[in-house]
Amino acid sequence: MPSPTAFRAGNFGADGRTLTALARLGLIWDSSVDEGFAGALPASAVSGPVRELPVSGLFDRPGHVRPAQVCALSRWEMTAALHHAATHHAPFVVVCHSFEMLSRDRQRPNRAVMARFDAMCRVIAATSGLCSAGFGDLDPATEPAIAPMLHPNLARTAARMAAQAWATIRYERARPRPSSRGRSRSASASGSARY
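Only a predicted model underlies this, so the values are computations on that prediction, with no experimental measurement involved.

Student: How should the pairing of strand β5 (residues 64-67) be read in this particular structure?
Tutor: Bridge count for strand β4 (residues 57-61) against β5 is four bridges, and the pairing is antiparallel. Each bridged residue has a counterpart across the sheet, and for Phe59 the counterpart in β5 is Val65. Hairpin connection between β4 and β5: a loop of two residues separates the two successive antiparallel strands, and Gly63 in this loop has a positive phi of roughly 80°.

Student: How should the sheet that holds strand β3 (residues 51-52) be read in this particular structure?
Tutor: Strand pairing in a sheet is mediated by backbone hydrogen bonds. Such pairs are either parallel or antiparallel. Strand order in the open sheet formed by three strands is β1-β2-β3, with parallel pairing between adjacent strands. The open sheet has two edge strands, β1 (6-7) and β3, and neither has a second partner. As defined by bridge partners, β1 adjoins strand β2 (residues 29-30) across two bridges and the pair is classed as parallel. The residue of β2 that forms the bridge with Phe7 is Asp30.

Student: Just to check I follow, could you spell out the nonpolar core for this structure?
Tutor: Considering soluble globular proteins, one finds that nonpolar side chains tend to be buried as a cluster. Within the largest apolar cluster, 17 residues are counted, with the highest numbers of intra-cluster contacts made by Met78, Leu82, Phe92 and Met120. Among the elements of the structure, α3 (75-87) and α4 (111-126) are those that each provide at least two residues to this core. If near-sequence neighbours (up to four positions away) are discounted, Met120 is found in contact with Val70, Met78, Leu82 and Val94. With five residues, the next largest nonpolar core counts Trp29, Leu53, Val93 and Val95 among its residues.

Student: Even after reading the chapter, I still don't get the pattern of salt bridges, so can you show me in this structure?
Tutor: Side-chain pairs of opposite charge can arise whenever the charged atoms involved come near each other. Overall, the coordinates contain six salt bridges when judged by the stated rule. Taken together, the shared-partner salt bridges connect Asp60, Arg61, Glu77 and Arg160 into one network.

Student: Could you clarify how one ought to interpret the packing of α3 against α4 in this entry?
Tutor: The packing of two helices is summarised by the inter-axis angle and the distance between the axes. Axis separation between α3 and α4 bottoms out at 10 Å; the angle between their running directions is 25°. The angle between α3 and α4 places the two elements in the roughly parallel class. When the axes of α3 and α4 are compared, the crossing they make is right-handed. For the pair α3 and α4, the contacting residues are Arg75, Met78, Thr79, Leu82 and His83 in the first and Ala115, Arg116, Ala119, Met120, Val123 and Ile124 in the second. Across the contact of α3 with α4, the residue classes tally to seven nonpolar, two polar and two charged.

Student: Would you mind going over the side chain of Ser56 with me for this structure?
Tutor: By the element assignment, Ser56 lies in the loop between β3 and β4. On the accessibility criterion, Ser56 (2% relative accessible area) is buried. Among the polar contacts listed, one links the side chain of Ser56 to the backbone nitrogen of Val93, at a separation of 2.8 Å. Filtering out sequence-adjacent residues up to four positions away, Ser56 remains in contact with Glu35, Pro67, Ala68, Pro91, Phe92 and Val93.

Parameters at a glance
- Numbering of residues starts from 1 in each chain and follows the order in which that chain's sequence is written.
- Only residues with pLDDT of at least 70 are given local features in this predicted model, and only at 80 or more are side-chain atom pairs given and counted; all residues enter the totals for whole chains, interfaces and linings.
- By convention in this description, side-chain values take in all heavy atoms of the structure and omit both hydrogens and water.
- Strands pair, by our definition, only if DSSP identifies at least two bridges between them.
- To qualify as a helix, a DSSP run of H or I must reach at least 4 residues; to qualify as a strand, a run of E must reach at least 2; elements of each kind are numbered from the N terminus.
- To form a nonpolar core, buried Ala, Val, Leu, Ile, Met, Phe, Trp, Tyr and Cys residues must be joined to one another through side-chain atoms within 4.5 Å.
- For every residue, the accessible area (1.4 Å probe, protein chains only) is compared with the maximum for its type, and the residue is labelled buried under 20%, exposed over 50%, or partly exposed between those bounds.
- Contacts: residue pairs with any heavy atoms within 4.5 Å of one another.
- Salt bridges are defined as contacts in which a side-chain nitrogen from Lys or Arg sits within 4 Å of a carboxyl oxygen from Asp or Glu.
- To get an axis, fit a line to the C-alpha atoms, keeping to the stretch in contact for a helix; angles then go from 0 to 180 degrees between the N-to-C directions.
- Angles are sorted into four bins: roughly parallel if under 35 degrees, roughly antiparallel if over 145, roughly perpendicular if 65 to 115, and oblique for all others.
- The handedness criterion is simple: a crossing whose near helix is rotated anticlockwise from the far helix by less than a right angle is left-handed, and one whose near helix is rotated clockwise is right-handed.
- Residue polarity is assigned by list, with Asp, Glu, Lys and Arg as charged and Ala, Val, Leu, Ile, Met, Phe, Trp, Tyr, Cys and Pro as nonpolar; anything else, Gly included, falls into the polar class.
- Polar contact is defined as a pair of N or O atoms within 3.5 Å, subject to the rule that within protein one atom must be able to donate a hydrogen and the other to accept it, and that residues adjacent in sequence are counted only when both atoms are side-chain atoms.

Below, the structure written as structure tokens:
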């Protein structure tokens, strides 16, 4: 099994000590911060042996960065941001956790997030200048280009907020209803059914 070459701290929680520890461990890449906080790391730490490639993002409103996380960006936002990165020949670092594709109770697939992930993959496959890659595919001797973040578009932001409100109701708050067959069996077995 190959040794790990990259690290990302949970909740974007990293500082100069993180990069010092990674250097001691021989890791090459860190992606513990998003583009909105990349400047928070000490310059001396960033210029060390560990290369910092922040999680990408876009401005969803003036002065506010929304990170490129599959559950955080709509299809429209992700597509626009990917095309923007392609025009600047810059990497676009995306975060995705496996549990994002499940409801909060982990009992059902979250088809809204699954559809976003599928759409993102289709955009990457269909767009000239984009390809999927891991940190092991990057050359640490080459300074990655960092594109300016995509400017806000209030229509995109409003559409995402509406879609997320619907998905929250559908996948995070609503409980799955038992099937009528399940209710019949429960009622006949115990005389009553409680849900």
